[in-house]
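Understanding the architecture of this molecule
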Amino acid sequence: MSRIDDLFARKNPVFIGFTVAGDPGIEASFGVATTMIDAGVDLLEIAVPYSDPVADGPVIERAHVRALRAGTTPDDVFGLVRRVRGYAPALPLVLFTYYNIVYRRGADRFFAEAAAAGADGVLIVDLPVEESGEVAPYAARHGIDRIALIAPTTSPERQHAILREASGFVYLISLEGVTGERDRLPPNLTGLVGAVREKTDLPLAVGFGISRPEHVAAVAAAGANGVIVGSALVRLIEEHAGDETGMHEALVTAIVTLRRGLVPQSRT
Amino acid sequence: MKAGRYGVYGGQYVPETLMSALIELEETYARVREDPEFSRRLDWYLHEYAGRETPLTYCENLSRDLGCRVYLKREDLLHGGAHKLNNTLGQALMAKFMGKRRLIAETGAGQHGVATAIAGAALDLPVEVYMGEVDTRRQALNVFRMELLGARVVPVASGTRTLKDAINAAMRDWVANLRETHYLLGSCVGPHPFPRIVRDFQSVIGEEARRQVLEREGRLPDTVVACVGGGSNAIGIFYPFVNDDVALVGVEAGGEGLESGRHGASLCGGSVGVFQGALSYLLQDDDGQALETHSIAAGLDHPSVGPEHAMLKDSGRVRYEAVTDAEALAAFRRLSRTEGIIPALESAHAVAYALRAAGDLDRDDILVVNLSGRGDKDVADVASLHGGVA
C-alpha cells in the first residue's frame, strides 16, 4: 500500500500543509518542513519554485521569488525531498510543480528523480487532463501518483475524464480564483464535494483560501477527507523573515490552531 | 493535427480553474465566426471606426536608395496608431456576443492597453489593464491615454514587473472573475484558442496587402517582412501568404546582440518550452525558468512567442532573423528622414531587416514591410538616447 493510501485509510480527515522548497532559503526550508511535520501535518506538499506561478496568489508567488533568489534549483528540491523522506519515513510527500520544470528536464527523468528522492505523488498545476497524456506513462513507470485538480467550474464530463486519470487523492479547488487566504469559503462546498464523491472512491482534499479553524471545520463537515493549507502558512515565513525562532513558533501555533478545526470522521 | 496545435506547438497548459473559460471561448468563437451579424458589425467597426483598409504605400525614395521596390503596409495609420485595434475590436465584439460585462487586458508598452481601452469605450465595456510597474513609469503617457479613454490601469508589482507579469496578473484576475469577464489577450500567444483568434482577427492585414499588391503590381511580392515579439502583426500579414511562393521573414529583437544574452529573440536564441499556456520557443535557463529579456522596443521585450511561429520556424516556411537595438534605431531615423514616416521601434526592426537584405534583391524585386505601428510613442525615448539631437 502506498504511503498516500495508507494515510487516508488510517486517518480521516487529514491535514495537508504546503511549502515552497527553498523558502526562505535552501537550508532553512528543511527546517520549515520538519517543523510543519512535528506540528502535525499529515501530508506535505512541496512546491518547486518557478518564475511564473500563474495559479498562485501574491503570498505564494512571493515565496517562489524568495526561493529562486536563494538559488533553489530542481536538484535542490529533490535534495530537500530526500532529506524530508529520511526525517519522516512514513509521511506522504507530494511535489507541486508547474509543467515547464518537468518538460525541460524530461518527464521520464523528472518522475524518476522524484521517485528516487522519496516523493509519493506529483501535482502539475498547469497540466490539465487534455495534455496530461504526455506524462502519464512516466508517472506510472516510476510508481508516482498523479494528483489531479478539480475546480468549481469543472463540468461533470470533465470531472469524469479527470477522475479516470487520477490517483492518490483528488485536489478540489474550493473557489474560483488563485491560491490565497479568504475571509470565508464559498457556500457551495458541500455540493462540490458531494458531486465528486459520487464519481470516485479516491480521497478528496480541499484547498485554496483555507486559513482559519472554522474553514477547516467547514471543509471537514462538507465531507472532504483532507484539508490543504498553503498561503496561511507561507505568509508566516514572510512575516518572520530573519527571525527563525519566531517563524517556527508561528508555524507550530498556526498548524495546531488550524488542526483544531478537524473533527475525526468515520470514512464513508 | 490536434485541435489547438500548430505542429507539436500550442496546446492548453493552464490550471484547471481556467479550462471552463477556454472551452466557453472556443465554443463562442466557433459560433460568432459563422454569425453574419457578427461579421457585419465587425466590418462596420473596422471600416467606419478604425479606418480600414490601410494603405499599401510605395516608398519611392527608399526604393531608389535600396534598388528594389519597397512597400509599407500602413498599420501605423489605423486608429490608435498600431495594428492592435484589429484584434481588440474583434475580441471586444465577441465579448459582447458572449454576454460578458467587463474586459481585462495586459500591456507592455501600452499599445495593446490603449487599443483595448479604445475598443472598450467604443463598445461600452469597462476595461481594466494590467501593466508592469516598471512599464507604467517607462510609458507614463500611454497610462494617461488609457485613463483618458476610461480604462483603469492596474500596476503589477510582482516578478520582473514587466509584460510577462502583467499577463500573469491578468490570468489571475480572469480565473477569479470568469463569468463576467473576457480576457482580451493582445498577441497570438497563450493557450488555445487565443493564438487562433488573434491570428484570425489580424489576418485582415495580409488579406488586404495581398490584394493591394496584386492590384498594383499584377503579381505577388517576393518577400514579406514583419517584426515578431509575441508575433501578432507578423502572423496577421504572413498567414494569407503562407501557401504562396513568397519569402516570409520574421524579425526578432536582437537587443544588444544574441551573444550578449540581452535580447528578446525567442525563436533565434531560445529553446522549446511551456510558458503562459502554450508550448513554443522560450528564453529560459537550464531548469526551465523564464529569463529576463531586453529590447529597445518594449513591445518585443518578451520571453516567448506565438506557437504558430514556432511551427513555421521548424518547417522552414518562415525565416526568423534578429536585428539589434542599434540597427532598429538607425532604421527608425532613416525611415523618418527618407519617407517622412516615423515607425514604432518595434516596426523599425522590420525596416532594419529590409535595409540589411536589400543588397541581395534585384531592381524589380518587391518587398513588403509591415509597418505595424507609428513611432510617436517612442519619440521622447529616442530623443533622450540622443541627447535631444535628431
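The structure we're discussing is the one just above.
Reading guide: rules and limits
Residues numbered from 1 in each chain as written. Chains lettered and ligands numbered in written order. Predicted model: local features only at pLDDT ≥ 70, side-chain atom pairs only at ≥ 80, totals over all residues. Heavy atoms only, no water. Helix = DSSP H or I, 4+ residues; strand = E, 2+ residues; numbered from the N terminus. Rg over C-alpha atoms; globule rule 2.2 N^0.38 Å. Areas by Shrake-Rupley, 256 points an atom, 1.4 Å probe, with all protein chains shown as cover. Lys, Arg positive; Asp, Glu negative; His and termini not counted. Charge placed at Lys NZ, Arg CZ, Asp CG, Glu CD. Contact = heavy atoms within 4.5 Å. Buried area = accessible area lost by both parts, 1.4 Å probe. Salt bridge = Lys/Arg side-chain N within 4 Å of Asp/Glu carboxyl O. Polar contact = N/O pair within 3.5 Å; in protein donor to acceptor, adjacent residues only side chain to side chain. Buried < 20%, exposed > 50% of the residue type's maximum accessible area, 1.4 Å probe, protein only. Pairing = 2+ DSSP bridges. Axes fitted to C-alpha atoms, helices over the stretch in contact; angles between N-to-C directions. 1 Å grid on protein atoms, 1.4 Å probe; cavity = no way out; pocket = protein on both sides within 12 Å on 5 of 7 lines; lining within 4 Å. Points joined across faces, edges and corners; volume = space filled by probe spheres on them. Nonpolar A, V, L, I, M, F, W, Y, C, P; charged D, E, K, R; others polar. Core = buried A, V, L, I, M, F, W, Y, C linked by side-chain atoms within 4.5 Å.

1. So, the overall build of chain A
- In terms of helices and strands, chain A carries 12 helices and 9 strands.
- Its C-alpha atoms give chain A a radius of gyration of 17 Å, near enough to 18 Å, the size a compact globule of 268 residues would have.
- Total accessible area computed for chain A in this model is approximately 9,600 Å², and 52% of it derives from carbon and sulfur atoms.
- Distance from the positive charge centre (25 side chains) to the negative charge centre (33 side chains) of chain A: 2 Å.

2. Some words on the interface of chain A and chain B
- Facing 37 residues of chain A, the contacting portion of chain B comprises 38 residues.
- In this assembly, chain A packs against chain B so that about 3,000 Å² is buried in total across both faces, 48% of it on carbon and sulfur atoms.
- Considering only the side of chain A, the residues that lose the most area to chain B are Val54(A), Arg104(A) and Glu176(A), jointly responsible for 21% of the buried surface there.
- Our count for the contact surface shared by chain A and chain B stands at 7 salt bridges.
- With its nearest N and O atoms 2.4 Å apart, the salt bridge here joins Glu16(B) to Arg158(A).
- Counting across the chain A and chain B interface gives 23 residue pairs in polar contact (both at pLDDT 80 or more).

3. Section: the pattern of salt bridges
All names here are of chain A.
- Inspection of every chain in the model, using the stated rule, returns 52 salt bridges over all chains.
- The closest approach of N and O atoms between Asp120 and Arg3, which form a salt bridge, is 2.5 Å. With Asp120 in the loop between α6 (107-117) and β4 (121-124) and Arg3 in helix α1 (residues 3-10), this residue pair connects regions lying 117 residues apart in the sequence.
- Judged by its relative accessible area of 29%, Arg3 falls in the partly exposed class.

4. With respect to the sheet that holds strand β1 (residues 14-20) of chain A
Residues and elements named next belong to chain A.
- Spatial ordering of the open sheet is given by β5-β4-β3-β2-β1-β9-β8-β7-β6, a layout of 9 strands whose pairing is parallel. Each edge of the open sheet is held by one strand with a lone partner, namely β5 (145-146) and β6 (148-150).
- One ladder, built from 4 bridges, connects strand β3 (residues 93-97) with β4; its direction is parallel. What sits directly across from Phe96, in β4, is Leu123.
- Across the sheet, helix α3 (residues 58-69) touches β1 and β2 (43-47), and the angle it forms with β1 is around 50°.
- Packing against the sheet, helix α11 (residues 231-239) makes contact with β1 and β9 (226-229), and its axis sits at approximately 40° to β1.

5. Quick word on empty space enclosed by the protein
- Throughout the structure, instances matching the rule amount to 8 cavities of 30 Å³ or more.
- What the largest cavity holds in volume is close to 410 Å³.
- Taken together, 32 residues form the lining of the largest cavity, with His83(B), Lys84(B), Gly299(B), Leu300(B) and Glu346(B) sitting closest to its centre.
- Looking at side-chain class alone, the lining of the largest cavity contains 9 nonpolar, 18 polar and 5 charged residues.
- Size it by volume and the second largest cavity reaches roughly 240 Å³.
- In this structure, the second largest cavity is lined by 17 residues; those nearest its centre are Leu127(A), Ser132(A), Ile147(A), Ala148(A) and Leu149(A).
- When residues of the lining of the second largest cavity are traced back to their parent elements, those giving at least two are β4, β6 and α8 (156-165) of chain A.
- If one sorts the elements of the lining of the second largest cavity by residue count, β4(A) sits on top with 3 residues.
- Split into classes, the residues belonging to the lining of the second largest cavity amount to 13 nonpolar, 1 polar and 3 charged.

6. Section: helix α9 (residues 194-202) of chain B
- Taking burial as the measure, the 9 residues of α9(B) include 8 buried ones, the bulk of the element.
- Turning to α9(B), its buried residues number three or more, namely Phe194(B), Pro195(B), Ile197(B), Val198(B), Arg199(B), Asp200(B), Phe201(B) and Gln202(B).

7. Regarding unusual backbone geometry
- For the peptide bond that leads from Asn12(A) to Pro13(A), omega is -5°, which places it in the cis range.
- The topology assignment puts Pro13(A) in the loop between α1 and β1.
- In the segment running from His192(B) into Pro193(B), the intervening peptide bond is cis, with an omega of 10°.
- If you trace the backbone, Pro193(B) turns up in the loop between β8 (181-183) and α9.
- One non-glycine residue, Asp124(B), lies in the positive phi region at around 60°.
- Residue placement: Asp124(B) occurs in the loop between α5 (111-122) and β6 (127-132).

8. Re the nonpolar core
- Ranked by size, the top nonpolar core spans 192 residues in total, and within it Leu44(A), Leu95(A) and Trp174(B) carry the most contacts.
- Setting aside residues no more than four positions away along its own chain, Trp174(B) makes contact with Leu18(B), Ala21(B), Leu22(B), Leu25(B), Ile104(B), Thr181(B), His182(B), Tyr183(B) and Phe194(B).
- In this structure, Cys68(B), Ala297(B), Tyr353(B) and Ala358(B) belong to the second largest nonpolar core, which totals 34 residues.

None of this, on its own, says anything about what the molecule does.
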